[in-house]
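# Report on the structure
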Amino acid sequence: MRLASLLLAAVPALLSAQVREVAVTSAERWDRAYFAWDAGRYDDALDDLKLLLAAPDAAEYHDRVAELTGERWRTAEVAKDARAPRWASDGRHLSYESGTGAARRVRVVRAETGYPTVIDAAGSSLSFSPDGRVAAWIAPRADGRPAIAWMRLDGGTTETIPLDASAATALTLVGRSPLRVVLITGAAGDSIATLRSRDLTGADGTWRTLPVAEGQPVDIMRSANGQRALVLLGRRGAFARAIPGFAAGGRTDAFAELSIGAADASGEASAVGPRVEGTSPALSADGSTVAWLFMAGGRTQVLARRDGGAPVTVLTSETPVQALAVAPDGSRVAWQTMLREDWELFAAPVMANATTQRVTREIQHDLQPQFLSPTRLLGLVGEARHRRSHLYDLETGVRTRLFHNNSVRTVAPEYEWVPSADGTRVAIVSERDGDTVTPHRHLYVTELTSPVSHESLVARVDSNLVAERALRANGRRIFAPIALAVRDATAAVDVGRIYSYEKALFGFDSKHITQPGNRKAVDWLLERYRSFGLTAHLQPFTTVAGGEIDVANIVAVIPGTVNPELVYVVGAHFDSRAEGPGADDNTSGTAMILEAARVLAKRPMPATVMFVSFTGEEAGLRGAREFARRMKDSIQVVGALNNDMMGWANDSRMDNTIRYSNPGLRDLQHAAALEFSRLITYDAFYYKSTDANALFDVWGDIIGGIGSYPILGNPHYHMPHDVLETINHQQLAETSRATVATIMLMASSPSRLTGLSVTGRAATWTAAREKGVPRYLVRYGPAEDPMRHTITVTTPRATISALKPGWSVAVKAVNARGLEGWDWARTAVK
């Protein structure tokens with residue numbers, strides 16, 4: 001009776017909760033989804049966004065949902081191996097290069113659905129004529145000397161003109177008919193290049209040649225119809241071998257790195273007329289306006305001249321100014337300024353002593369402005385290895401993310417951005433798949449006049465929701481057998497202790513191998529590891545850096561209780577750059593693994609865990625390479641974590657990137673962060689140029705670890721002001737919790753199996769290296785669904801009657817505690 005009364009009493013409350021949920025407005029739902037997303041509760045956010053897109057007023061929220069989850073505009077993949085994109089002036093064609101050395105090629109595609117190929121030829125430095133109807137490029141010949149190949153894009157065959165030069169580095173087309181070319185020739189090094197101009201349609205085959213003397217200013221190469229080439233020159237040994245450009249309007253000055261001036265009207269290779277001092281010139285698309293920088297007395301001026309009038313001083317700045325851009329109609333100029341420690345974007349109208357407009361206020365660097373229209377600016381955020389593009393409306397001040405990969409977890413570094421002349425398309429070279437290791441990068445075009453469709457947006461939300469739920473469910477499942485022990489260990493992480501490690505290391509100032517602080521840190525780290533009760537020793541070696549230097553790694557060990565011969569390496573470099581103390585790079589990583597070592601010292605695991613503080617990373621990965629060289633034959637490393645830069649926070653979120661070579665460790669680290677910390681994790685296939693690279697070279701793709709998010713976004717990176725005040729110490733604690741959980745699962749689970757092969761219907765593999773493995777999971781299926789079927793076996797062999805050529809087989813061990821191996825061994829059926 002009592003239970004029935006309680007249930008009856010609860011009914012009104014349950015009904016009321018349902019009514020409240022039904023009564024949630026779209027505005028409330030959006031607000032709830034936005035803040036769940038900001039907190040990293042992506043599954044909750046995506047649930048609400050899915051409902052929002054099904055609401056009657058979904059159109060009102062379409063753009064906001066699209067930008068929150070990825071891209072607002074349709075993006076097409078043009079090529080899987082591309083660099084140096086360039087638009088024709090009429091926007092009908094896009095060129096790019098691929099390959100290297102003898103395999104270098106130029107390609108031109110038509111800007112329409114599918115981006116069909118128009119030109120695919122061996123060569124480099126493709127240029128479009130000013131009207132966009134002709135393309136020319138430097139083509140190789142059998143005798144090793146260059147030629148100019150060209151083709152009319154409205155129909156025609158390739159024509160080739162041999163050159164007598166031994167090398168040609170860049171060209172640009174000038175004029176329409178007759179078609180003229182400006183060519184830069186010359187060898188690398190200190191040689192002086194030569195500018196050569198020729199009428200491609202002329203019959204005499206002669207060249208007009210202008211040698212470039214040291215310090216000589218630019219000359220304008222101009223065709224009969226008044227089009228002018230904009231050729232970049234420099235001093236001896238610093239020649240700018242970029243492809244020359246030109247002003248579409250042809251009415252304004254051309255200029256060099258050191259001089260700006262107006263041309264006379266005398267002809268093909270006329271000398272520069274009246275000159276002004278300046279650097280970093282920029283030209284408007286219509287040719288009406290030129291802007292440049294002038295530096296004197298510690299000040300930088302932004303000067304501009306419109307329609308050949310007198311120069312005006314737009315800005316006088318006490319702080320550095322770089323990267324000028326001029327609006328297409330010449331009405332505005334934009335630049336980047338370093339106000340304190342990071343670059344910001346500014347803009348101003350082209351007039352004397354103009355009122356400047358601050359465009360950005362991002363804590364990361366804001367860089368390289370480009371105008372898409374008089375009121376729309378494209379700008380970049382971040383460091384060179386993880387820049388992201390944004391659009392800025394100069395009238396409303398609204399910032400919109402331009403490019404993404406529509407994925408919740410995987411980052412998409414961008415490298416090149418080229419807008420079409422009308423500003424409606426942007427060609428972007430990116431690693432949209434998060435793979436930063438392969439040498440090729442992909443080319444995409446974002447269509448700013450084509451919003452992503454409602455159907456595509458719904459599909460995006462659905463796919464991300466499925467992936468996020470699977471990631472979280474997998475995390476709960478794999479940690480379940482040891483969840484209580486892991487929770488107890490992660491609760492022991494102490495932010496105060498972490499700060500004490502940071503403060504001590506910071507007090508040694510620079511820890512570069514050439515500085516006294518390096519040896520002080522070595523002695524302190526050795527004592528600290530030993531204070532945790534660990535067996536710790538130095539790994540000394542001598543290296544050369546302006547003379548022989550004695551340096552050392554520090555190695556501390558927690559011996560395994562069941563499989564002590566199997567070793568997991570957990571590393572972070574403790575050295576810094578010579579110019580600074582390196583609070584984030586990499587005192588943060590050092591403090592994090594110190595706390596992990598302290599917490600786990602009294603919690604030994606089945607496999608051995610080896611904590612290594614590497615030296616000399618900033619001097620060329622010297623410590624990690626020495627460790628790998630010395631230990632490759634003496635220990636059996638089955639997994640590794642490398643941790644580098646994890647203390648700086650871009651905002652209120654506590655987020656970091658999993659930098660991995662192994663997808664099993666990637667998912668394990670996501671699970672560790674989700675289950676046992678407040679950390680929000682993203683991922684990138686990324687190990688090059690880090691200590692992980694040295695470990696990879698010896699032990700293969702068994703590497704995971706934590707790095708910064710955005711990747712290297714810290715504006716203090718490699719600077720003297722990389723100091724403790726810029727570190728979020730609680731974020732370091734959360735990263736430590738995720739790392740402790742990761743180590744505990746790695747060292748308690750079977751490692752990846754070896755020796756997997758398939759012959760006929762039989763799959764065989766080498767038995768697990770760990771003791772106490774009673775069974776193996778086997779999954780197989782076609783390429784589109786490789787994990788479709790599952791069987792369990794008790795020996796390292798399985799008979800699979802349904803196997804077909806092209807299918808894949810994956811196997812992992814499961815130990816007596818029910819812990820699965822943290823990665824699958826995989827093979828394809830032939």
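Preceding this paragraph is the structure being described.
Scope of this entry: the structure provided in the associated data block. Each chain has its residues counted from 1, running along the sequence as written. Side-chain atom pairs in this predicted model are given and counted only at pLDDT of 80 or more, local residue features only at pLDDT of at least 70, and totals for whole chains, interfaces and linings cover all residues. As a rule here, side-chain values come from all non-hydrogen atoms in the structure, and water together with hydrogens is ignored.

## Describing the pattern of salt bridges
Salt bridge criterion: a side-chain nitrogen from Lys or Arg within 4 Å of a carboxyl oxygen from Asp or Glu. Per the stated rule, a full pass over the model turns up 42 salt bridges. Taking the shortest distance from any N to any O, the salt bridge between glutamate 341 and arginine 340 comes out at 3.5 Å. Between buried and exposed lies partly exposed: a residue is buried under 20% and exposed over 50% of the maximum accessible area for its type, with that area taken using a 1.4 Å probe on protein chains only. Overall, arginine 340 belongs to the exposed group, its relative accessible area being 68%. In this structure, a network of salt bridges that share partners links the residues Asp43, Arg409, Glu468 and Arg472.

## A few points about the side chain of arginine 86
Within the secondary structure, arginine 86 is located in strand β2 (residues 83-87). Neither His nor the chain termini are counted; the positive set is Lys and Arg, and the negative set is Asp and Glu. Despite its burial, arginine 86 remains without a salt bridge, the nearest opposite charge being carried by glutamate 97 at 8.5 Å. Two N or O atoms count as a polar contact when they lie within 3.5 Å, although within protein this holds only if one can serve as hydrogen donor and the other as acceptor, and sequence-adjacent residues are included solely when both atoms are side-chain atoms. A distance of 3.4 Å separates a polar side-chain atom of arginine 86 from the backbone oxygen of leucine 126. Working definition: helices are DSSP H or I runs of at least four residues, strands are E runs of at least two. Numbering for both runs from the N terminus.

## Let's talk about helix α7 (residues 495-506)
The span expected for a helix works out to 1.5 Å for each residue beyond the first. Between its terminal C-alpha atoms α7 stretches 16 Å, which fits the 16 Å expected from 12 residues at 1.5 Å a residue. Lining the buried residues of α7 we find α8 (516-531), α9 (583-600) and α13 (729-748). At the N-terminal end of α7, a side-chain oxygen is found 2.7 Å from the backbone nitrogen of glycine 496, two or three residues along, and the residue is aspartate 494. Note on contacts: a residue pair qualifies if any of its non-hydrogen atoms lie within 4.5 Å across the two residues.

## Focus: the sheet that holds strand β45 (residues 757-759)
Between any two strands, at least two bridges found by DSSP are needed for them to pair. Read from one edge to the other, the open sheet built from three strands follows the order β45-β46-β49, with strand pairing classed as antiparallel. Pairing within the sheet leaves two strands with one partner each, and these edge strands are β45 and β49 (797-799). Between one strand and the next, the sheet's axes are offset by a mean angle of 20 degrees, whatever the strand orientation. For helices, the fitted axis covers only the stretch in contact; all axes are lines through C-alpha atoms, and the angles between them, taken along N-to-C directions, range from 0 to 180 degrees.

## Considering the pairing of β2
As paired strands, β2 and strand β3 (residues 93-98) are joined by three bridges and run antiparallel to one another. Across the sheet, arginine 83 pairs through a bridge with glutamate 97, a residue of β3. Here β2 folds back onto β3 in antiparallel fashion, the turn holding five residues, of which glycine 91 has a positive phi close to 75 degrees.

## A look at helix α11 (residues 663-676)
Here α11 is 14 residues long and its end C-alpha atoms lie 20 Å apart, about the 20 Å a rise of 1.5 Å per residue gives. Among all positions of α11, only Gly664, Leu665, Leu668, Gln669, His670, Ala671, Ala672, Ala673 and Phe676 are buried. Capping of α11 at its N-terminal end is provided by asparagine 662; its side-chain oxygen lies 2.8 Å from the backbone amide nitrogen of glycine 664.

## Describing the packing of aromatic side chains
Stacked, tilted and edge-to-face pairs are distinguished by plane angle, under 30 degrees for stacked and over 60 for edge-to-face with tilted covering the rest, among Phe, Tyr and Trp rings (Trp via its six-membered ring) whose centres lie within 6.5 Å. Scanning the entire structure with this criterion turns up 15 aromatic pairs. Here tyrosine 34 and phenylalanine 35 contribute two aromatic rings whose centre-to-centre distance is 5.2 Å and whose plane-to-plane angle is 85 degrees, an arrangement assigned as edge-to-face. Among the residues examined, tyrosine 34 registers a relative accessible area of 38% and is labelled partly exposed. Look at phenylalanine 35 and you get partly exposed, because its relative accessible area is 49%.

## Here we look at the sheet that holds strand β4 (residues 105-110)
Strands sit in the order β2-β3-β4-β5 across an open sheet of four strands; the sheet is antiparallel. Among the strands making up the open sheet, the edge pair consists of β2 and β5 (117-122). Sheet twist, expressed as the mean angle between neighbouring strand axes with direction ignored, is 15 degrees. Where β3 meets β4, six bridges bridge the pair, whose relative direction is antiparallel. Within the sheet, the bridge partner assigned to leucine 94 lies in β4 and is valine 109.

## A short note on the packing of helix α5 (residues 454-479) against α11
Where α5 meets α11, the axes come as close as 9 Å, and the angle between the chain directions of the two elements is 85 degrees. In this view, α5 runs roughly perpendicular relative to α11, as classed from their interaxial angle. For the pair α5 and α11, contact is made by Leu471, Arg472, Gly475, Arg476, Ile478 and Phe479 and by Asp667, Leu668, His670, Ala671, Ala672, Leu674, Glu675 and Phe676, respectively. Of the residues assigned to the contact of α5 with α11, the class counts are eight nonpolar, two polar and four charged. Orientation labels follow simple angle bins: below 35 degrees gives roughly parallel, above 145 gives roughly antiparallel, 65 to 115 gives roughly perpendicular, and whatever is left gives oblique. Charged residues are taken to be Asp, Glu, Lys and Arg, nonpolar residues to be Ala, Val, Leu, Ile, Met, Phe, Trp, Tyr, Cys and Pro, and polar residues to be all remaining types, Gly included.

## Thoughts on the environment of alanine 597
On the secondary structure map, alanine 597 appears in helix α9. Exposure remark for alanine 597: the relative accessible area of 0% places this residue in the buried category. Distance in space between the C-alpha atoms of alanine 597 and alanine 556 is 8.4 Å, their sequence separation being 41 residues. Setting aside anything within four residues of it in sequence, one finds alanine 597 in contact with Tyr529, Phe532, Leu534, Ile558 and Phe611.

## Structural notes on the side chain of serine 284
Here serine 284 shows up in the loop between β21 (279-283) and β22 (289-296). Within the structure, the side chain of serine 284 is placed 2.7 Å from the side chain of aspartate 286, a separation counted as a polar contact. Every residue in contact with serine 284, bar those within four places of it in the chain, is listed here: Thr289, Val326, Ala327, Pro328 and Gly330.

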